[in-house]
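# Structural overview
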Amino acid sequence: MLKKPILAGVIGSPVSHSLSPLIHTLWAHRAQIDGYYMPIEVAASYDEFARAMDALRTIGFAGVNVTLPHKENALRYGDKSSELASMTGAANMLTFTDNGSYADNSDVAGFQGALKSTMPKFSVKGACLVLGAGGASRAIITALQNLGADNIFITNRTEEKATQLAERFGLKTLLWQSRKDAVESADLIINTTSLGMSGQPPLDLGGAKIKPGAIVADIVYTPLETPLLKLAREAGNPGVNGLTMLMHQAAPGFRAWFGGDAKVDEGLRTALIGELERRRR
Ligand code: ATR
């Protein structure tokens with residue numbers, strides 16, 4: 001009997017900008033796996049999400065990645081969930097099996113993988129500053145704590161959200177207004193806000209000077225070099241961009257659903273950069 005192609009995809013709203021289909025298609029092509037990974041737009045309500053997931057399971061999907069605004073819906077939908085998904089309160093992966101659905105979070109591994117691949121000797125000593133207190137922030141904090149960080153500061157425009165995360169994860173908070181000072185004294189700075197993304201306001205750090213040797217990471221990948229990463233590069237500091245995190249977060253899903261090798265390498269990066277440039281034109 002002919003083997004059926006493997007089906008997977010990414011659920012979001014909007015979702016057409018997602019680079020995940022390109023990443024998975026490239027890996028499937030390299031591994032000569034017969035499979036399809038497609039972008040699927042689902043309106044922002046739990047009921048719509050659950051109906052779509054039920055339908056995909058009926059069709060025989062192996063699993064899906066989940067992006068905004070559905071990461072909390074994915075955790076709620078999962079019959080079971082990983083410790084990481086429960087800790088972050090969000091899931092970006094749902095795997096479907098005959099025994100039910102399993103919610104997981106590979107954003108955590110994505111950030112850890114990006115740090116380690118950019119700086120193989122990376123270790124979390126000193127002060128880590130997390131800018132932003134949304135869903136991405138929770139995954140980054142979980143990753144930092146998994147890596148052993150115990151001196152994490154969080155700052156966010158809406159103070160209450162920073163306070164909530166600080167209580168939940170045992171962090172220290174700083175006022176959004178004092179982010180310049182915070183940036184200047186941090187050893188690792190991570191932007192988890194949408195500031196600096198094309199079409200969004202820049203991340204205003206009031207002309208802050210980054211400490212020599214401090215590592216700067218930005219979850220934003222359009223543009224590839226955000227003003228924050230530019231600041232780091234010009235100061236001679238190491239930077240980790242959002243594309244590196246994106247590639248690393250995609251690998252667990254590919255391995256789970258397509259069962260092949262998911263290498264994060266220069267070939268993949270070049271293909272993604274080419275696609276981003278094509279879209280910009
Ligand atoms: P995600 O799940 O990707 O983290 P989110 O939950 O919408 O998305 O969080 C977006 C983050 O960007 C939040 O920290 C948000 O700050 P608020 O909690 O104050 O909304 C931050 N952000 C978005 N626009 C911002 C702006 N113009 N100035 C400062 N922070 C902003």
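Residues numbered from 1 in each chain as written. Predicted model: local features only at pLDDT ≥ 70, side-chain atom pairs only at ≥ 80, totals over all residues. Heavy atoms only, no water.

### Structural notes on helix α10 (residues 242-257)
The end-to-end C-alpha distance of α10, which contains 16 residues, comes to 23 Å, matching closely the 22 Å that a straight helix rising 1.5 Å per residue would cover. Summarising burial for α10: 13 of the 16 residues are buried, a large majority. The N-terminus of α10 is capped by N241, whose side-chain oxygen sits 3.1 Å from the backbone nitrogen of L243. Just beyond α10, the residue with positive phi is G259, at close to 70°. (Helix = DSSP H or I, 4+ residues; strand = E, 2+ residues; numbered from the N terminus. Expected span 1.5 Å × (residues − 1). Buried < 20%, exposed > 50% of the residue type's maximum accessible area, 1.4 Å probe, protein only. Polar contact = N/O pair within 3.5 Å; in protein donor to acceptor, adjacent residues only side chain to side chain.)

### Overview of the domain arrangement of the protein
Each assigned domain of the protein is listed here: domain 1 (6-106 + 244-280) and domain 2 (120-237). Spacing between the C-alpha centres of domain 1 and domain 2 amounts to 26 Å. On the domain 2 side, the residues contacting the 14 residues of domain 1 number 13 residues. Summing both sides of the interface, domain 1 and domain 2 together bury roughly 960 Å²; the carbon and sulfur share of this comes to 66%. If you sort the residues of domain 1 by the area they bury against domain 2, M87, T88 and M245 come out on top, with a joint share of 49%. Viewed at the interface, domain 2 and domain 1 are joined by one salt bridge. In this structure, the salt-bridge partner of R138 is E72, at a minimum N-O distance of 3.0 Å. Counting the contacts that link domain 1 with domain 2 gives three residue pairs in polar contact (both at pLDDT 80 or more). If you list the elements that add at least two residues to the side of domain 1 that touches domain 2, you get α4 (83-88), α10 and α11 (266-280). (Domains from an automatic or database assignment. Contact = heavy atoms within 4.5 Å. Buried area = accessible area lost by both parts, 1.4 Å probe. Salt bridge = Lys/Arg side-chain N within 4 Å of Asp/Glu carboxyl O.)

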